[in-house]
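Architecture at a glance
Here is how the chains run, residue by residue.
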Amino acid sequence: MEKSCSLLIHFDKGTPALANEIKEALEGNDVPAKIDAMKKAVMLLLNGETLPQLFITIIRYVLPSEDHTIQKLLLLYLEIIEKTDSKGRVLPEMILICQNLRNNLQHPNEYLRGVTLRFLCRLNEVDIIEPLIPSIMSNLEHRHPFVRRYAILAVMSIYKLPQGEQLLVDAPEKIENVLTTEQDPSAKRNAFLMLFQCAQERAINYLLTHVDRVSDWGELLQMVVLDLIRKVCRTNKAEKGRYIKIIISLLTAPSAAVTYECAGTLVSLSSAPTAIRAAANTYCQLLQSQSDNNVKLIVLDRLNELKSSHKDIMVDMIMDVLRVLSSPNLDIRRKTLDIVLELITPRNINEVVLTLKKEVVKTQSGELEKNGEYRQMLIQAIHSCAIKFPEVASTVVHLLMDFLGDNNVASAIDVVVFVREIIETNPKLRVSIVTRLLDTFYQIRAARVCSCALWIIGEYCLSLSEVESGIATIKQCLGDLPFYSVSEESEATDSSKKTQQANSITTVSSRRPAILADGTYATQSAASETVFSPATVVQGSLTTGNLRSLLLTGDFFLGAVVACTLTKLILRLEEVQPSKIEVNKATTNALLIMVSMLQLGQSSVLPHPIDNDSYDRIVLCIRLLCNTGDEVRQIWLSSCRESFVKMLSDKQLRETEEIKAKAQTSFSQPDDLIDFYHLKSRRGMSQLELEDAVQDDLKRATGEFVKDENDANKLNRVLQLTGFSDPVYAEAFVTVHHYDIVLDVTVINRTKETLQNLCLELATMGDLKLVERPQNYTLAPESSKQIKANIKVSSTETGVIFGNIVYETSNVLERTVVVLNDIHIDIMDYISPAVCSDAAFRTMWAEFEWENKVAVNTVIQDEKEFLDHIIKSTNMKCLTAPSALEDECGFLAANLYAKSAFGEDALVNLSIEKQSDGKLSGYIRIRSKTQGIALSLGDKITLKQKGGS
């Protein structure tokens, strides 16, 4: 029931106005009451009411009003109401409004003339428009530009009607004359737009006649000129040489909108290096000159597209792009770093890393709230640079190690992971990294960072001095032993028993040792109402004894890592230390530390006892130090590092495969035409055209021209909408773009009769919206018609398009309805495989609130085969390394990731196990930020998981 209107008004349906009340207000003389009544009438009409009884009242009492607001509302009312009957003929009473419209077009007030002309732009009824033609044309020469502006648009809209060329035979010629003499920028733009859309040759002639003055035209007219150039060059590529000079001249226009459109037009028309470089320079200038963050994000997207197709040229612009890091917006900085990291070459790596180092130093100022997140992004970028170009690692690794104690834990984790990888891939830096790590180890605050740093100490302290320094550093950070006082615990227990026997609570003064913040002991006097209360955890110092502080919070996983590191250092000390006495002394101290950790874990000082895994690990280390075999020594000192090296090589191999997958593979046929550049005639061609010709030849030779999808894929997208026995046969070809769906519906009249007022009526369910309702058609016997319908998509939620075809015949008075099959929009058209780090995946998994849990129910019996089937069915990327999915172990767990066209993240965790009967069981969990993608993906997996196609 919705009706199109140039004005959208919010309407509260709770208290609708009555037609009688509106009628009374319109018949009165009170102007404000009339305005209010007209507004109510317009709102009711927009929401599906007909109100036929108001028409005559409005003609009698509203039409003669001189009030501008009432006249404006009257035109809105006339725009909404039905002006034709069921057969498409204009209603007789509509003739009553023609005289009023003519009077308005000749009114001395410019505003009334202008709004009336604007109303005529939206009028499609020829019978109403025809008597007004002379008045419309006379307004082309009105003294006020406001009137001339809308007079030109009215002429254009009338000329575009089916019978418009008969109504306005000489319209293009008159508009061309207006364009020549017009001085107002908006009116001039409208005149050129009319020629562009209705008489393209005249627009081209005018443009080529005034080529030298295009740069002096107004912004609005320059935008239309660019639209014209794009359209002409798409239809006739040979003509683009004539227009490239115009585009180049507009690149220096003062308007940012013109330069942006100009750069985009240049890229779409030419692939010559000079043109691409000019467009990239323009984009970089826009990044510096524009303060709006949205503009910067859009321009960065354009640069990203240029990077994909013209990487060699974009490499030279890398420092210009890096200047955008001065923006405080994190999204802009992230997108900038993503672009820069793919443009790094041996020639510019030093400059890039130097800039990134300066940015890291700036984050230490603490002026901005999100400095921690920005620092983390910079650290990850430097990490990527150092992996690609190991020679720069030495210039950054020591700077980054200052951030091991960063308050932002994620940033500190990135640093320590970077250090772990660099120390393996750059053996020359091992000594300096180990020395620096031992010096700064006490600054580390986070348990995960400590764990990784301890692993590095255990694996890469090789010389005698390094091993001894490593053991000493760990002992210093653990503090003095024991971790708690045994006498304190026993005394407290005895006192508590005596108090319980007395069956009363008394206030006593007690003197007892206490653990201070730095891990040392002191005598404490305190008065309390009970002799003993359960001890609370006492934190260690954050400056000396960071390991002690973390252990006293109950983190025994870190305690197990400390035990393993000490074990490795002692085993290596046995190899490099000739003195057995020193080795035995170090072994004794290490065993004492491990036993103290076990005692702390089993005591009542901490609220939670030590977990079984950590306990078993520490006990294993104690047994190993007491009785060491050569095989076990080999495992602890060599195998761990070998596993790490293998993990790094797998990671590098995976990244290489991803780069190869992104690269476009193109093929050319052996019989394709190749033009030889040196044999071509160069007469009359500019340098830019010559470069363009070379690029086209190269693309043709290497097969880089984008091929249309093959016929088989096209046939898969053709959906049958009606049956073969229906009088009207219809089928639709569905084309899915990012934000809209185009339905190309073919309708065939299979009868021997003419079908009148044939209309394709569509409706949508889900986050889909029909942009424009298709118009009515007349279909001759056994003829066909192509009808296009555009549908906007706002999310990845699965949607349904349904509808029917309605038509009339001359023999039957009633309308015939043919119901169409539903068109289901598949979520797979909107999501594509994507890659993210494990840390980012875990972060999103914890944050996303929508989860859909699907039980595994399949006939497939192989775990890997089932995973491959789910990946293929859901169009997702498996983030789990292939090495983790190898071998047969009876169960499999993998993470999948995809990103939608709307920027939504889709996370999937697959956990399956093979039962004794050979069947697979388990769950597939889907998480997303929005409900639609979780539900739609779950439905898709449920449908496809059994192994169906």
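If you look the protein up in an unreviewed UniProt entry, it shows as Coatomer subunit beta from Nicotiana tabacum. UniProt lists a comment for the protein under the heading Subunit (unreviewed entry), and it reads "Oligomeric complex that consists of at least the alpha, beta, beta', gamma, delta, epsilon and zeta subunits."

So, on to the overall build of the protein. Counting its secondary structure elements, the protein contains 39 helices and 18 strands. Put simply, of all contacts in the protein between residues at least 6 apart along the chain, 66% involve residues at least 24 apart. Put simply, the protein shows about 49400 Å² of open surface, and 51% of that area lies on carbon and sulfur atoms.

Successive side chains on a regular strand alternate, one facing one side of the sheet and the next facing the other. Across the 10 residues of strand S5 (residues 740–749), eight count as buried, placing the element largely inside the fold. Direction of pairing for strand S4 (residues 728–736) relative to S5: antiparallel, over a ladder of nine bridges. Of the residues in S5, the one forming a bridge with Val 736 is Ile 741. Summarising the sheet, S5 and strand S9 (residues 784–793) pair through nine bridges and their orientation is antiparallel. Bridged to Val 747 within S9 is Lys 785.

Turning to the side chain of Arg 572, a few remarks are in order. Among the structural elements, Arg 572 can be located in helix H31 (residues 556–576). For the buried Arg 572, no salt bridge exists, and the shortest N-O distance to an oppositely charged side chain is 4.8 Å, to Glu 459.

Next up on the list: the nonpolar core. Tyr 77, Phe 192, Leu 207, Leu 547 and Met 594 are the most contacted members of the largest nonpolar core, which has 221 residues in total. Ignoring sequence-local partners within four residues, the contact set of Leu 547 consists of Phe 441, Cys 450, Leu 454, Ile 474, Cys 477, Leu 478, Leu 558 and Val 562.

This part takes up the packing of helix H13 (residues 200–209) against helix H15 (residues 240–250). Interaxial distance between H13 and H15 falls to 12 Å at its minimum, and their mutual angle equals 55°. Comparing their axes, H15 and H13 come out oblique. In this structure, the crossing between H13 and H15 has a hand that is left-handed. Listed contacts from H15 to Ile 204, Leu 207 and Leu 208 of H13 are Arg 242, Tyr 243 and Ile 246. Here the residues of the contact of H13 with H15 sort into five nonpolar, no polar and one charged.

What follows concerns the confidence of the model for the protein. Confidence in the prediction for the protein averages 80 pLDDT; 83% of positions are at 70 or higher. Element-level mean pLDDT values for the protein span from 41 in strand S2 (residues 521–528) up to 92 in helix H9 (residues 145–159). Counting contacts from residues 488–493, a segment whose pLDDT is below 50, to residues more than four positions away or on other chains yields six contacts. Note that residues 495–544 has pLDDT below 50 and, in this model, 73 contacts with residues that lie over four places away or in other chains.

The next subject is the packing of aromatic side chains. This model, assessed by the stated rule, comprises nine aromatic pairs. Here the aromatic rings of Phe 724 and Tyr 729 are separated by 5.5 Å at their centres, their planes lie at 10°, and the arrangement is stacked. An aromatic cluster of at least three residues, connected via ring pairs, comprises Phe 192, Tyr 206 and Trp 217. In this structure, Arg 118 is placed above the aromatic ring of Tyr 150, and the distance from its NZ or CZ to the ring centre is 5.3 Å. Sitting above the plane of the Tyr 923 ring, Lys 853 keeps its charged end 4.3 Å from the centroid.

Even without a glycine there, the phi angle at Glu 782 is positive, about 55°. As for its placement among the helices and strands, Glu 782 is situated in the loop between strand S8 (777–779) and S9. With a relative accessible area of 51%, Glu 782 lands in the exposed category. Backbone geometry places Asn 875, a non-glycine residue, at a positive phi of 60°. Structurally, the position occupied by Asn 875 is in the loop between helix H38 (863–874) and strand S15 (877–878).

Moving on to the sheet that holds strand S3 (residues 718–720). Spatially, the five strands line up as an open sheet ordered S3-S4-S5-S9-S7, and their pairing is antiparallel. The strands lining the two open edges of the sheet, one partner per strand, are S3 and strand S7 (768–770). The sheet shows a mean angle of 30° between the axes of neighbouring strands, direction not considered.

About the cut-offs
Residues numbered from 1 in each chain as written. Predicted model: local features only at pLDDT ≥ 70, side-chain atom pairs only at ≥ 80, totals over all residues. Heavy atoms only, no water. UniProt positions renumbered as here; feature names shortened; annotations may be inferred. Helix = DSSP H or I, 4+ residues; strand = E, 2+ residues; numbered from the N terminus. Contact = heavy atoms within 4.5 Å. Areas by Shrake-Rupley, 256 points an atom, 1.4 Å probe, with all protein chains shown as cover. Buried < 20%, exposed > 50% of the residue type's maximum accessible area, 1.4 Å probe, protein only. Pairing = 2+ DSSP bridges. Lys, Arg positive; Asp, Glu negative; His and termini not counted. Salt bridge = Lys/Arg side-chain N within 4 Å of Asp/Glu carboxyl O. Core = buried A, V, L, I, M, F, W, Y, C linked by side-chain atoms within 4.5 Å. Axes fitted to C-alpha atoms, helices over the stretch in contact; angles between N-to-C directions. Parallel < 35°, antiparallel > 145°, perpendicular 65-115°, else oblique. Left-handed = near helix turned anticlockwise from the far one by under 90°. Nonpolar A, V, L, I, M, F, W, Y, C, P; charged D, E, K, R; others polar. pLDDT = per-residue confidence, 0-100. Phe/Tyr/Trp six-rings, centres within 6.5 Å; stacked < 30°, edge-to-face > 60°. Lys NZ or Arg CZ within 6 Å of the ring centre and 35° of its normal.

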